[in-house]
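# Report on the structure
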Amino acid sequence: MAGRILLIDGMLSGTGIRDKMEGGYIEPSDIGLSPTVCSDLAEWLLRYEDAHYEGFKPHVVEQLDQAGLLLASRVSIELSDVEVGYFSDGRMTQLR
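The structure contained in this document is the topic of the report that follows. (Residues numbered from 1 in each chain as written. Predicted model: local features only at pLDDT ≥ 70, side-chain atom pairs only at ≥ 80, totals over all residues. Heavy atoms only, no water.)

Right, let's get into the pairing of strand β1 (residues 5-9). The element β1 is largely enclosed, with a buried count of five among its five residues. Here β1 shows no split at all, with I5, L7 and D9 on one side and L6 and I8 on the other all buried. Alignment of β1 against strand β3 (residues 83-88), held across five bridges, turns out to be parallel. Residue I8 lies in a different strand from β3, and its bridge partner there is Y86. Of the pairings in the sheet, the one linking β1 to strand β2 (residues 17-19) comprises three bridges and is antiparallel in character. Residue pairing across strands places L7 opposite R18, the latter belonging to β2. (Buried < 20%, exposed > 50% of the residue type's maximum accessible area, 1.4 Å probe, protein only. Helix = DSSP H or I, 4+ residues; strand = E, 2+ residues; numbered from the N terminus. Pairing = 2+ DSSP bridges.)

Grouped together as the largest cluster of nonpolar side chains are 23 residues, with contacts concentrated most on I8, I17, L33 and W44. Looking at this core, the elements with two or more residues in it are β1, α1 (35-53), α2 (58-78) and β3. Looking at this core element by element, the count peaks at seven residues for α1. Setting aside anything within four residues of it in sequence, one finds L33 in contact with I17, P28, C38, V75, E78 and L79. (Core = buried A, V, L, I, M, F, W, Y, C linked by side-chain atoms within 4.5 Å. Contact = heavy atoms within 4.5 Å.)

A separate point is the sheet that holds strand β4 (residues 93-94). The strand order β2-β1-β3-β4 describes an open sheet built from four strands, whose pairing is mixed. Either end of the sheet is taken by a strand with one partner, and the two such strands are β2 and β4.

It helps to recall that an α-helix has 3.6 residues per turn; residues three or four apart then point in one direction. The terminal C-alpha atoms of α1, which comprises 19 residues, lie 27 Å apart, in line with the 27 Å expected from a rise of 1.5 Å per residue. For α1, every residue scored as buried is listed here: V37, C38, L41, W44, L45, Y48 and A51. Projected down its long axis, α1 shows its buried positions confined to an angular sector of 135°, all on one face. Pointing more than 90 degrees away from the buried face of α1 are the exposed residues P35, L46 and Y53. (Expected span 1.5 Å × (residues − 1). Arc of directions from axis to C-beta.)

Here we take up the pattern of salt bridges. Under the defined criterion, the tally for this structure stands at five salt bridges. Between D9 and R18 there is a salt bridge; the shortest N-O distance is 2.5 Å. Given a relative accessible area of 1%, D9 falls into the buried group. (Salt bridge = Lys/Arg side-chain N within 4 Å of Asp/Glu carboxyl O.)

Any functional reading would require information beyond the geometric quantities listed.
Shown next as structure tokens:
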């Protein structure tokens, strides 16, 4: 997976991890992430889904972005040969 760029991404129809270069979403368990990170990512996605349907209130987006940036760091540690960034769907911009 060297040379790959992954984004933690809370898109409603996504898996939480998007391949920035090739496009499309990747199942977290398919790339060797720990069960704990996979579970935390799934919980974060559910919170992002709720925020989407509630209209992305700014304070909620801020909390989700902080949690998403932390998830990006954790994924980066587990997949040290991959560049990992973060895309805020609430702000529609890449933050890392």
